[in-house]
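Overview (structure and organization)
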Amino acid sequence: LAPSDGLLTNIVVEEGQRIEARNTMMELVNTDPLNATVDVDEIDFRNVSVGMDALVTLDALPGVSFPATVTKIAPDGEEVNGVVVYEVEVEINEADPRIRPGMSATAYFGAEVEESMLVVPERFFNEDGTVNRVRTDGTVEIIPVVTGEPTNNGLTITSGLNAGDAIVTAAE
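Keep in mind that this is a model prediction, so the values were computed, not measured. (Residues numbered from 1 in each chain as written. Predicted model: local features only at pLDDT ≥ 70, side-chain atom pairs only at ≥ 80, totals over all residues. Heavy atoms only, no water.)

**Considering the overall build of the chain**
This is how it is decided: Numbering of helices and strands runs from the N terminus; a helix is a DSSP stretch of H or I covering at least four residues, while a strand is a stretch of E covering at least two. Burial classification: accessible surface area is computed with a 1.4 Å probe over protein chains only, and a residue below 20% of its type maximum counts as buried, one above 50% as exposed, and the rest as partly exposed. The criterion used for residue contact is that any of the two residues' heavy atoms lie within 4.5 Å. In short, Shrake-Rupley with a 1.4 Å probe defines the accessible areas, and a residue's cover is counted only from the protein chains shown.
Counting its regular elements, the chain contains one helix and 14 strands. Relative to its full complement of 172 residues, the chain shows a buried share of 27%. Contacts in the chain between residues far apart in sequence, at least 24 positions, make up 55% of those at least 6 positions apart. When the accessible area of the chain is evaluated, it comes to approximately 11800 Å², of which 47% is carbon and sulfur surface.

Rendered as C-alpha cells:
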C-alpha cells in the first residue's frame, strides 16, 4: 500500500526477485500538488515572497504557461557560477497531465507589465497559436501573432495585434 497517490516513476525489482522487508521496490512521485523548484538570484530574490502569484513555463511545453503560487523560499542562498541564488518552490495551481516530474521549469514572479506591452490572456489563443480578431464590420478573422514573454496576465504580443484591436475566443 502506497502512502499517497502519485506517478510511478521507477520499478527497482524484477519479477521473481527475492526481497526483504524495507527494500525499495518502486519509486512513487507525489504529483498533487505539483511543485517546481527554481533558483532565484540574489537581486531578484528580494522581490519574491511566500503566497505571491507566479507563472511557470516548461521547456517541454513551449508557448504554455501555468499559474502558480510561491510556497517556500530557502532561508539561505548558495553560490552557483559566482552568483548567489535561493531555491524557491512554487506550486502549480491546476494539475495538467502533460506535466511530468523532472521537466525544466522557469518561474516568473509578480511580473509588472509595462504599459507599452500588449498582453493577451491565454484563453484567447486558438490551439495553433492564432487569435480571432474582430474586424470593423463585425466579422471575425483568424490571424497569426508572435508572442514574447509570459506574464501573470497572459502572453506578450510582439507582432500581429495592435493596442485597441478587439479579439474573441473561438467559442464566442
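**Concerning a negative patch on the surface**
This is how it is decided: Patches here: salt-bridge-free residues with over 30% relative accessible area, like charges joined within 9 Å, nonpolar side chains (Val, Leu, Ile, Met, Phe, Trp, Tyr) joined within 5 Å. The term salt bridge refers to a pairing of a side-chain nitrogen on Lys or Arg with a carboxyl oxygen on Asp or Glu at a separation within 4 Å. Neither His nor the chain ends is counted toward charge; the positive residues are Lys and Arg and the negative residues Asp and Glu. All charge positions are set by atom: Lys at NZ, Arg at CZ, Asp at CG, Glu at CD.
A cluster of like negative charges, contributed by Asp39, Asp76, Glu78 and Glu87, occupies part of the molecular surface. Of note, Glu78 is situated in strand 6 (residues 78-80). Looking at Glu78, the relative accessible area reads 53%, which means it is exposed.

**Some remarks on the nonpolar core**
The condition that has to hold: Here the nonpolar core consists of buried residues drawn from Ala, Val, Leu, Ile, Met, Phe, Trp, Tyr and Cys, with membership extended through side-chain atoms lying within 4.5 Å.
Ranked by internal contacts, the top residues of the largest apolar core, which has 20 residues, are Val56, Phe66, Val70, Val88, Val90 and Phe109. For this core, the elements supplying multiple residues, two or more each, are strand 3 (35-41), strand 4 (53-58), strand 5 (65-73), strand 7 (83-92) and strand 8 (105-109).

**Description of the sheet that holds strand 12 (residues 146-151)**
For clarity, the cut-off: Criterion used throughout: strands pair if DSSP finds at least two bridges between them. Axes here refer to lines fitted to C-alpha atoms; in helices the fit is confined to the stretch in contact. Angles between the N-to-C directions go from 0 to 180 degrees.
Read across the sheet, three strands follow the order 9-13-12 without closing on themselves; strand pairing throughout is antiparallel. Two strands in the sheet have a free side with no partner beyond their single neighbour: strand 9 (118-120) and strand 12. Mean inter-strand twist for the sheet, computed between neighbouring axes without regard to direction, equals 40°. Here three bridges tie strand 9 to strand 13 (residues 154-159), and the two strands are oriented antiparallel to one another. Bridging from a neighbouring strand, Val119 pairs with Thr156 of strand 13.

**What to know about the pairing of strand 10 (residues 131-134)**
The two faces of the sheet receive side chains in turn, since in a regular strand these alternate between them. As paired elements, strand 10 and strand 11 (residues 140-143) share four bridges and run antiparallel to each other. Residue pairing across strands places Arg133 opposite Glu141, the latter belonging to strand 11. From the end of strand 10 to the start of strand 11, which pair antiparallel, there are five residues, and Gly138 there has a positive phi angle of about 90°. Sheet analysis places strand 10 next to strand 14 (residues 167-168), joined by two bridges and oriented antiparallel. Opposite Arg133, over in strand 14, you have Ile167 as the bridge partner.

**Overview of a nonpolar patch on the surface**
On the surface, Ile11, Ile19, Met25 and Met26 cluster together into a nonpolar patch covering about 350 Å² of accessible area. Take Ile11: it is sitting in strand 1 (residues 7-11).

**Here we look at the packing of aromatic side chains**
What counts, and what does not: Note on aromatic contacts: the rings of Phe and Tyr and the six-membered ring of Trp form a pair at centre separations within 6.5 Å, being stacked when their planes are under 30 degrees apart, edge-to-face when over 60 apart, and tilted otherwise.
Per the counting criterion, the structure on display carries one aromatic pair. Here the aromatic rings of Phe45 and Tyr86 are separated by 3.8 Å at their centres, their planes lie at 15°, and the arrangement is stacked. Here Phe45 is found in helix 1 (residues 42-45), whereas its partner Tyr86 is found in strand 7, with 41 residues between them in sequence. Classification of Phe45 as partly exposed rests on a relative accessible area of 22%. Under the relative-accessibility criterion, Tyr86 is labelled buried at 16%.

**Thoughts on the pattern of salt bridges**
Opposite charge on two side chains lets them pair, provided their charged atoms get close. Following the criterion strictly, the structure yields four salt bridges and no others. Asp165 is the partner of Arg133 in a salt bridge, and the nearest nitrogen-oxygen pair spans 3.4 Å. In this pair, Arg133 sits in strand 10 while Asp165 sits in the loop between strand 13 and strand 14, placing the two residues 32 residues apart along the sequence. Two residues, Arg135 and Glu141, come together in a salt bridge whose shortest N-O distance is 3.6 Å. A cluster of three or more residues bridged by salt bridges with shared partners is formed by Arg133, Arg135, Glu141 and Asp165.

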